[in-house]
Structure formats: C-alpha cells, structure tokens
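Working through the structure, step by step
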Amino acid sequence: MNRIHNLSVKSKFALAILPLIIIIVVFDYLQIREHYEDYKDSQRLNKAILVGIEINHAVHELQKERGISAGFLSQDAEEFRGDLDAQRYKTDSTIQAFYDEIERDQLADLVSLHTEDLDNLGTYFDRIQEIRTNVDSRFIGADQVISYYSEINEVALRTVNSLISESRNRVAAEQVHAIIYFLKAKERASIERAVGTQAFSFGSLTPETRGQFTSLIAEQDAFIDAFTTIADQPSLVYFNNTVSGQDVVEVDRLREQLIQSLTLENDANYWYQMSTTKINLLKKTEDFMSVRIHDYTEGISAEANRSLYTVLVVDSSIALLTFVMIAFIVSHLLKDVETLEEFTKKVIAGDLSKKVIIKTRDEIGHYADTFNLMITEIKKSHLALKKERDKARFLYENIYKQSQVVFENVEQGIFLLNKEHKISRLYSRAMETIFGTKTIAGETLVNFMRTLLIPRDLEALEMFMKHLFNSDIDEDVVNQLNPVEQVKIFTESGGMVNTKYIRLAFTRIENKAGAIQQIMVTVTDETEGVLLQHKLEEADEKKKMEMEQMLSILKIDPALLRGFIVNSRKVLKSISAKYEGHDEGEGFEELLTFTFQIIHNLKGNSIVIGLQILTDRFHKIEDAITKLKDNPKVVGNDFLNILYEVNEVDIIIGNMSDMLRKVANIYNKFSSEEQTDTNYDLIDSLKRGLSTMSEDTGKAINFDFTNDKNLTIPKIIQDPIKDILIQLMRNSIAHGIEAPNVRIAKRKLIKGNIAITLDNEDGSDEMILTYRDDGNGLNTAQIIEKAIHRNVIAESERDKVDDAQVIDLLFSDGFSTNEDVDEYSGRGHGLGVVKSKIEELHGTFNVNFETGQFFEIVVKFPSNIQNPIEE
Amino acid sequence: MTLLIVDDSSIMRRTIEKNLGDYNLEIIGTASNGNAALEIVKEKKPDVITLDITMPEMDGLTCLENIMEIHPAAKVMIITALSDKLTGLKALDKGARGFMYKPVNADDLKKAFDKLLKKRQE
Amino acid sequence: MDTKKEDFETTCNLFIQALENYFKHLTDVTSEIGVPYIKESDTLSLKNFTGLIGISGNRKGFVYISADKSMYVDLINIFIGIDDPTTEDILDMAGEISNVIAGSVRANYGNNFNISVPIVFEGMPKQLKFPSEVAVFVIPMKWKGHEAFLVVGLE
C-alpha cells in the first residue's frame, strides 16, 4: 500500500486507468475475435454453400440418372438407352464441377476441415461407374439400382449437411436447415420418381414397393412441412409459386393411381417425365434458396468484416481517446500542481508578489484560490510582521539614533525614572535647555533637583518619589500631591542665573501584572522663555529707578513737599472711606468718577512739585480707572487693583514723609554741631509764608526757588535773608502782583510768580540772591505823588525825580504806598527794612523793573561773613 | 466595616457622616480632637478613619502617627483644609491611604471613598 | 514694585478664589464679591459671628470671615439638614469656613504659612490685637442674600 502512496501522481493515475485499459483491450479483443469468427464463419459458410451447391447439382443429376437407370432396368426397353447415356454424361460433368470446385485455393481451408467427409463422398462417387456397368449388363434389378444411387445421394446430402450446418448465425443456420430439409424432401421426391418409374413399368406397385412408395411420400411431406416451418418468407413464396401447376397436380394424380392400384393409364415414361418436371421445379426452388443463402452469407461476411473494422476503429479510437484524455487531464493536473509547486517554492523563497493563476475550476483551481487566499493572508501577516519589524527597527533606531533627533525636537523635557529613582540614559534635548546642564542621566531626580529647588519643595519631592513608586497608593492620589507640579527653579547658563517656572508631570509605567516598572516624567518650561525673564529684569530696573526717584524728593522744597504729603494722605483716605460707605444701589460709575477726580487732582499737584515717581503712579491709576469706566461689567473685584495702587501710593507718600523727617533730623543734628547748613528750612518757611499770604489775599502765587549750584546760605545769615525775602514777598503781594481780574485784563497768567535765584560768581565768596516777581513793577508816578504828599520831596522837584531816586525813596525807612494796612503791607516799614538788612550783611542791592511787567532786586552779600553787623 | 470620623468641627463631622450614609460603613465614633480619636482607635479598632489635620491640642499628623502605632491596618483618609503638597505627602508617609482637600462635597467623598475601599478588594 | 503688586493681587485673589470656591463647591450657589476697601485696623468691619485664623510663618497676619447668623444657619442646613442649629454650631461653622479658606491659601505658600485653629466669637471680641503695620483689606461678599466680610490682614 505504501508503495502506491509513494508513487508519483502520474503513476497513480496510470495505475488507476490500467484496469480500464486492460478491460478495453480485452473487450476489444473479444469483440474483434467475435467479429472475426463471424466473418470467418460467414466466409466458410459461403464457401461451404458453394461446395454444397456443386454437391447438390451432382445429387440432382444422380437422382435423374437413378430414375432413368431404374426405368431402363424395369422395362427392358431400349427407350431409356439414349436418355441414360446423356444423363450419365451430365452426371459426370456435375461431379467433375464439384471436384473442380473443391480444388480451388480459396476453399483449401474449408476442404481441409472436411477432408474426411469429402474423401468419403469421393469413394461413393467412384462407385457410380461400377453401378453403371451392372445396369448396362442388367445384373442388378431396379430396386437395387435405386438403393445404390440413394446411398450415394444420402452420403452426398449428409456431406452437404455437415458442410453447411455449422453456421454461428441463427438466420443462416435456419435457412441452411431449410435447404437441408428441402434437399431431403427433394431426395425423397427423386426416389419416389425412381420407384414410381419402376411401378409404371410393371403396371403396378409390388407389395414390397408400395410400403416404400407411401413412406417416401410421407417422408417427403414431413420434410416439406419442416422446410415450410423454418424457411424464410421469400423462399416460401418462391416455393409456393414455383412448385405448383398442372405437372405437380399430374404427379399427385399418378401417385394416387399407384397407391390405389388403379388401372394405370399412363406408361412409365410419362410418369418419369412428370416427376422430373416436378423435381426440376424443386431444383429451381433449391437453386433459388442456395443463391439466397449464398448471398446472405456473403452479406454476413461483409457485415462481419465491416463490424470487425468498425469495432477495431471505434474501440481503438475510444482507447486512444481515453488515453489521450487521461494523459491530457493528468498532464494538466500535473501542470497545475507543478504551477502550484513552483509558486510554493517562490513563496518559500520569499517572493509573494504574484498570484497563482490556474484557470481550471476543479479542486486544484479551488485549491489555487485557497492558495492565493493563503498567500494574501501570508502577505498580510507578512506585511504586519514587516510593519512590526519596521516598527521595531524604527524603535530600535529611535532608541539608539533617532531618539536623539526626535528628542531634540520635543519642547518638553522627557525622561524615565527607574526603580532607583534614577534618570534614564535617554532624555529629550529640551532637558538640557531647561536645566542648563548636561549631567542629567544616572542621577536620582532628587539629587538632580537639589540645587534647583528650595528645601521645602525638595523635601516634598523626596517623599513624593517614594509614594510614586508605591503601588499601594493610587496614582491619582499621589499625583494630587505632586510638589513640583509648578515650581520655580534657578538655573545657571553662561554665568547667568535664570529663574524658570517649570512643570513636572509623572506617569507610572506598569507591567502587565501591575507592578510599577518606571516613571515617565515630562518637564514643561512655562517661563515663556526670555520674555518673562526680560519682564523680571525690567521690573528690577524700574525698582532701581524708583529708588533714585525717591531720593530725588530731597531736591524738592520741603515745605512744598510737606503740604503735598499732608494733602495727599487726607485725600487718598477719603477714597477708602467712600468705598466703605458705598451703597449697592449707587453703582460703580459714581465710585470710579469720584476716584478719578481725586487721582487727577493729585497728579496735577505732583506734576507741579516735580514728583515724577508719583505722577507716574497716579497716571497708572487713571489709566486703570479709565479702563474700568469703559468696561460695562465692572465687579467689586476690579477695584482691588485701584485700591492696591492707592495703597501703594499712600505707602510711598508715607515713606517720603518719613524720609523727609529723617533727613531733616539729620540736617538739624549736623547743623548744630558742624555748622553745615541747608536752605531747606529757609525755603520751607518762605513757602509757608507765601502760601499763607496768597491764601489770605486771594492771589494765587507760584513760588520758584532756583539754586543750580546748590549753594547754602550760612545758618548765621539765614534769618536776615529770610526777613529780607519775606518782606519782598509781602511787598510783591501787596503792591506788585495784581488781583486775578487785573491780571486777566493784562493778559498775564492768573497765577502770579515769585522767583528766587541763589547764585554766585565762580571763585567768589559773594552770593547773588535774585528776587523777581511778575507783578506790576514800580508805579513811579504814584511813588513820587506819595513822596510829595508826605513832603519827602518838593512839588517843584516832581519832574526831576528819576528812577534811581524813586527806588531810593522806596527803600527809605517808613515809606509805604499802600493805602490800607493789612497783614502783608502798609505798616510803613516795607522796603526800608530790606535795605537796612542788606546793609547789615555788608551787602549791596540793585533794583530793576519794568512798569506793568516785573520787579527785580539783586542782592549781593559775602557768604563768609562771620558776624553780621548787629543793630 | 467600621468608621471613625475625626474633625474638630462638629458640622464637618456631621457632614461626613451624612455624606457617607450610602456606604456600608458603621460609624462607631466621632472625635473632635486627636486624644479622643486615639481612645476610640484603641478601643474599637475602626477599619476606616477620616482625619482632619488642623485640630487643637494634637494635630492630625501626630494623631495619624499614633493611630498607625496602635492600629496599622486602619485605612486613614485625610480630610483637611491644609492644601499644601508637603502636608499631604507627610500624611502618606505616615501611613494615610487617601487625601482630600476641604472643601469636600458629597461627590468628592464618594469618589475618594470608592478609590479607598476598592483598592483593598482587588 | 510690580512683583510686590502681583504678590498682593495674588494673595487677595487667592482668598477670594478660596471663598468663591467654598460656596460654589459646597452649595452650588455662587457668591458675589463686592468692592474691596482698605480699613484701619482699629475699626474693624464685623458682623454677628466671626471665625478668625491667625497666620504665622513667612507671612504674618490674619484672615477672618464675619457674617450674620442667618448665613451660617443656611449653610448648616445645606450640609447636615438641620434647621435650628445651636449657637455652638454657628460658631463651629464660622470656624470651619475660615479654616478652609485659610488652608486653601496654604497650597501657594507652603507649610511655612502656618494657620492657627479657628478663633470664633460672637459680636465684638473683648481682646483682639492686630499688628498695626498691616494693611487690612475688606472684601465684602454676598451669598444667597446674606452679607459677609472676608477680611485679610497680611504683612
């Protein structure tokens, strides 16, 4: 069995069809043999019939000779002599024809088959000559002659029978038998003729011959019956048509006469003639049938021959076709299988590019489809594998090469922490940028952050890390406590310390069992880069500037500053008071307007006294308020900013006040001990004086003190200088600076101006103090008028008085121009006091004026004076 | 399971009690300060404890430390107003299993307790 | 100066946020913040019940929440469902709010921003001393029609 299994498909197929081929061959062989047998049989039958016909011819002639011989012997008459000789000649020639026939080559095989019969027949034919001799010599009787001839004919007919009765064809066999029966009947008819001839010669039937005669007739009828039973239709028709008529009836009548022993009307010759006619008719029928059977066997032969070739051709064709078909199928199958094998080999070799194309729709075709499906699947999984492989390769490259590229482009710092809390070898480039260091890998996170974090955060981080790796505690719960979620760090790069705000996020990486393998950390720099850095630097710068500005208040006149401070604090407090009293119903609009007005006023004041720092502040508050005014949805919260700023300003102002006090204290201290003086107190009191005066008189006056060289009037002469200046100011308010309505009419600024300048000539100890107002100047006419009125000068000299004299008048003791006495003028000691004080200081003075425009006095005095002249 | 609520505010204690009503927790005690809490822990060994941190006399962290000495299996949920990270981490360090910042509402409690109680079942 | 201002704003906003979050988170009713103002510490804005938290450490000062009884009653009702709380409950509630609000701010200042246990009182305290150098910000607020003050005084 295994051997079969191991055979190639080709061999298996061959093995499978082998029985079939054998069957076909065997079947064909049998068919062919059958047909060949039929053919041979027909051929043989055909030949046998030919031989038989010749024998029949001989029998027929022998039958006639028998009759004639019987007649010759019984009648003793010479009348049969001539007929007998003629008949003998005829008989010999038919026998000769028989011999000739069997001598033919074509019949050799047939003859050889029946040698014995034919030889036997030959010996009987050889006896004919002896019988004739006995007839001629009349040694034998008619009965004997008949029996001699009948014996020969019997043998001849038996031979015919043996020759033709072996047919395998049923139809042929039947007809052969019909002929045989017919021949037997004819033989009986022939014997009947001979016996009849003898009886007619004697005039009646002898008792011996009567029995013979009737049995001949009975036998004859029996054979004809047998003949008619199996003979075919044409033979029967022919027989009925042929063996009939007058002669046949006559034979029957003669026969009846003989049997009934009636008086014989006719002689033997007549009987013989009639019988012969009838027998000739039988012979004719026999010939017809012989020809017919011959033709038939001929036909069978041809048929058999044709069948043989047909079978040969058809079966061979079938066999060939079967073989070719099977060979075709097998080769096709094998070809398909080979194709499959070829593709399978390709697949094994890794070529998946092509599909198997098998056009047949059989199992192999389906298998090919399955194969292709398999290839597609293989391709798919191959592709998937390839992808995985590529991915793996990608990751591989990523980890060892590409990662650097990728990590370089990620803005976030990314790294992993192992179970020892150590930073992975791989981290994103951003880490270096964010932390400004390259020593990152291998460090524990806490150590890495140690210098960057404040201790509190560091402590928290250390604890956090521990819990982060503790899988008992939920990741969300731990992450809730991330202390570096948002943290400020200080990094150093290129010697610069940068403040950064970074965010660290932690994600656990767990294995399938849920054990924490690593922690992924992402670091986000939220500093907004350099921008915030700049902002902070800017803020620092500003702070510095503000400090400087704070110091600049020292340059502002203390009296002014103090007034401003007191006023500002009062006003600023009113803001919070207002807010506290704020009623919901009023709305925010009113609060904003209120605040704005206050701030705006304060800004104006701070501009006037030159407090830039506060001006900026106020301006900022104004901006904030304006913004809020434009915002339709103001909420309480929004006031926080304003409130804060207001508080800030208050604090600044408070600081200024403190500073001012401290500075004043310091100066006071130093002035008593080291004679180092300032003008502040002097100027302060002047300002205070002026403001009181201006308030009382309703004349708004600006005070301007210029001391570019920052000179200090020695303490010792400050009081007389103050007195001088106070007096000059009083004078200005009383006489010089006009009432506001007058100033408007004169197109002057409503606010008057008093400017005091302290200067010196370089290298000189002499100080130059210039006092100037923008008032009406000197009304010389009025002064002269007054002097005349007071009899200081004579009426006659009125026109001779020049400006210098007017000034002298003015500076003389007790001269005053004002009609009314008020706080600031009119006591008659005005400018005279000024003059005397200047003289006390060993100083000089010079007056300039332009009527309607200004009055100016320039006082020069030595600064190194130790002891002013006492009064 | 048994529950102990520790908070110096009685309102807070009652709020927690009310909001944890749906849980299968038997409230075996409430305490307004650390010492009282420790007495109950010693006596009743509650399974779950909610613990405030800002309390008079003994603060929550100290209390937690003591609880863990007496009854290490207790699952302590810190519920505190102290919102800084270090306090939370310290609490975890000392053995707390959960951490919540006040103000806590019913939903917060539910989520935190789901997490706290589920973890154990796994 | 700007950083200081940021600091101030952050601080105030932290308290405001904590307060707003408290009401929003626990009651689902938002609170409204009114116009804040500065107050001299000797004349404090106080309602009937006050919970005060002292702050020490990096920042020194205090924060308190002051409101009338009705607000606390409402809150207690929401939290534990009782209608008629005792005075003790009211004081407890006042203390708890101030505790939570002060505690919330601690997230941003760390554990060196120490908060005391609440000091609670009804009406004016008999003896209460505030640092004089501290500017006191009063942040009025309204919740469900109840007025309250969040008062922050920090160095």
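What counts as what
- Residues numbered from 1 in each chain as written.
- Chains lettered and ligands numbered in written order.
- Predicted model: local features only at pLDDT ≥ 70, side-chain atom pairs only at ≥ 80, totals over all residues.
- Helix = DSSP H or I, 4+ residues; strand = E, 2+ residues; numbered from the N terminus.
- Buried ≥ 20, exposed ≤ 12 C-beta atoms within 10 Å, placed from the backbone.
- Contact = placed C-beta atoms within 7 Å.
- Pairing = 2+ DSSP bridges.
- Axes fitted to C-alpha atoms, helices over the stretch in contact; angles between N-to-C directions.
- Parallel < 35°, antiparallel > 145°, perpendicular 65-115°, else oblique.
- Left-handed = near helix turned anticlockwise from the far one by under 90°.
- Nonpolar A, V, L, I, M, F, W, Y, C, P; charged D, E, K, R; others polar.
- Core = buried A, V, L, I, M, F, W, Y, C linked by C-beta atoms within 7 Å.
- pLDDT = per-residue confidence, 0-100.

1. A short note on the overall build of chain B
A count of helical and extended segments in chain B gives five helices and five strands. The linear arrangement of helices and strands in chain B, starting from the amino end, is β-α-β-α-β-α-β-α-β-α. Relative to its full complement of 122 residues, chain B shows a buried share of 53%. A fraction of 59% describes how many contacts in chain B between residues 6 or more apart in sequence connect residues 24 or more apart.

2. A short note on the sheet that holds strand β4 (residues 496-510) of chain A
All names here are of chain A. Taking strand neighbours across the sheet as the criterion, the five strands line up as β2-β1-β5-β4-β3 in an open arrangement whose pairing is antiparallel. Here the strands that pair on one side only, and so sit at the sheet edges, are β2 (423-427) and β3 (487-493). With strand direction ignored, the average angle separating the axes of adjacent strands in the sheet is 35°.

3. Some words on the packing of helix α5 (residues 115-136) of chain A against helix α6 (residues 142-164) of chain A
The angle between the axes and the distance between the axes are what describe a pair of packed helices. Residues and elements named next belong to chain A. Orientation of α5 relative to α6, taken along the N-to-C sense of each, is 165°, at an axis distance of 10 Å. When the axis of α5 is compared with that of α6, the two are roughly antiparallel. Relative to α6, the crossing made by α5 is left-handed. Of the residues in α6, those touching α5 at D117, L118, N120, L121, Y124, F125, R127, I128, I131 and V135 are V145, Y148, I152, V155, A156, T159 and S162. Looking at side-chain class alone, the contact of α5 with α6 contains 12 nonpolar, three polar and two charged residues.

4. Here's the deal with the sheet that holds strand β9 (residues 844-850) of chain A
All names here are of chain A. On the basis of which strands lie adjacent, the open sheet formed by five strands has the order β6-β7-β8-β10-β9 and mixed pairing. The open sheet terminates on both sides in strands that have one partner only, identified here as β6 (701-706) and β9. Pairwise comparison of adjacent strand axes, ignoring direction, gives a mean angle of 10° for this sheet. Both strand β7 (residues 752-760) and strand β8 (residues 766-773) contribute to a ladder of seven bridges, which runs antiparallel. What sits directly across from D759, in β8, is I768. Helix α22 (residues 680-697) rests against β6 and β7 of the sheet, and its axis sits at about 165° to β6.

5. Some points on the nonpolar core
Grouped together as the largest cluster of nonpolar side chains are 144 residues, with contacts concentrated most on B:I78, C:F15, C:V63, C:I101 and C:L150. Residue contributions to this core peak at 10 residues, all from helix α21 (residues 639-674) of chain A. Setting aside chain neighbours within four positions, we find B:I78 in contact with B:L51, B:I53, B:G60, B:A91, B:A96, B:G98, B:F99 and B:M100. Counting 77 residues, the second-largest nonpolar core is a separate cluster that includes A:V111, A:A142, A:L163 and A:F200.

6. Some remarks on the pairing of strand β4 (residues 61-67) of chain C
Residues and elements named next belong to chain C. Across the seven residues of β4, six count as buried, placing the element largely inside the fold. Linking strand β3 (residues 49-57) back to β4 in an antiparallel pair, the connection comprises three residues. Across seven bridges, the pairing between β4 and strand β8 (residues 146-154) is antiparallel. Its bridge partner being in β8, G61 is matched across the sheet by L154.

7. Focus on the interface of chain C and chain B
A common way to state how big an interface is: give the accessible area lost once the parts meet. Listed as interface residues are 22 residues of chain C and, on the opposing side, 21 residues of chain B. Counting residues per element, the ones that place at least two in the side of chain C that touches chain B are α1 (2-27), α2 (69-80) and α3 (87-109) of chain C. The greatest single-element share of the side of chain C that touches chain B, amounting to 11 residues, is contributed by α3(C). Per-class residue counts for the side of chain C that touches chain B are 10 nonpolar, eight polar and four charged.

8. As for the environment of A:V314
Along the polypeptide, A:V314 turns up in helix α11 (residues 268-349). Taking the number of C-beta atoms within 10 Å as the measure of exposure, A:V314 has 13 and is therefore partly exposed.

9. Focus on the confidence of the model for chain C
Overall, the prediction assigns chain C a mean pLDDT of 84, with 86% of residues at 70 or greater. The weakest mean pLDDT in chain C belongs to strand β2 (residues 37-39) of chain C at 78; the strongest belongs to α2(C) at 92.

10. Examining the packing of helix α7 (residues 170-202) of chain A against α11(A)
Residues and elements named next belong to chain A. One can describe the packing of α7 onto α11 by two numbers: an axis separation of 10 Å at closest approach and a directional angle of 170°. Here α7 is positioned roughly antiparallel relative to α11, judged by the angle of their axes. Its residues placed into classes, the contact of α7 with α11 shows 17 nonpolar, 10 polar and five charged.

11. Points about the pairing of β8(A)
Residues and elements named next belong to chain A. Linking β7 to β8, which pair antiparallel, is a turn of five residues; within it G763 sits at a positive phi near 75°. Sheet analysis places β8 next to strand β10 (residues 854-862), joined by eight bridges and oriented antiparallel. Residue pairing across strands places L769 opposite V859, the latter belonging to β10.

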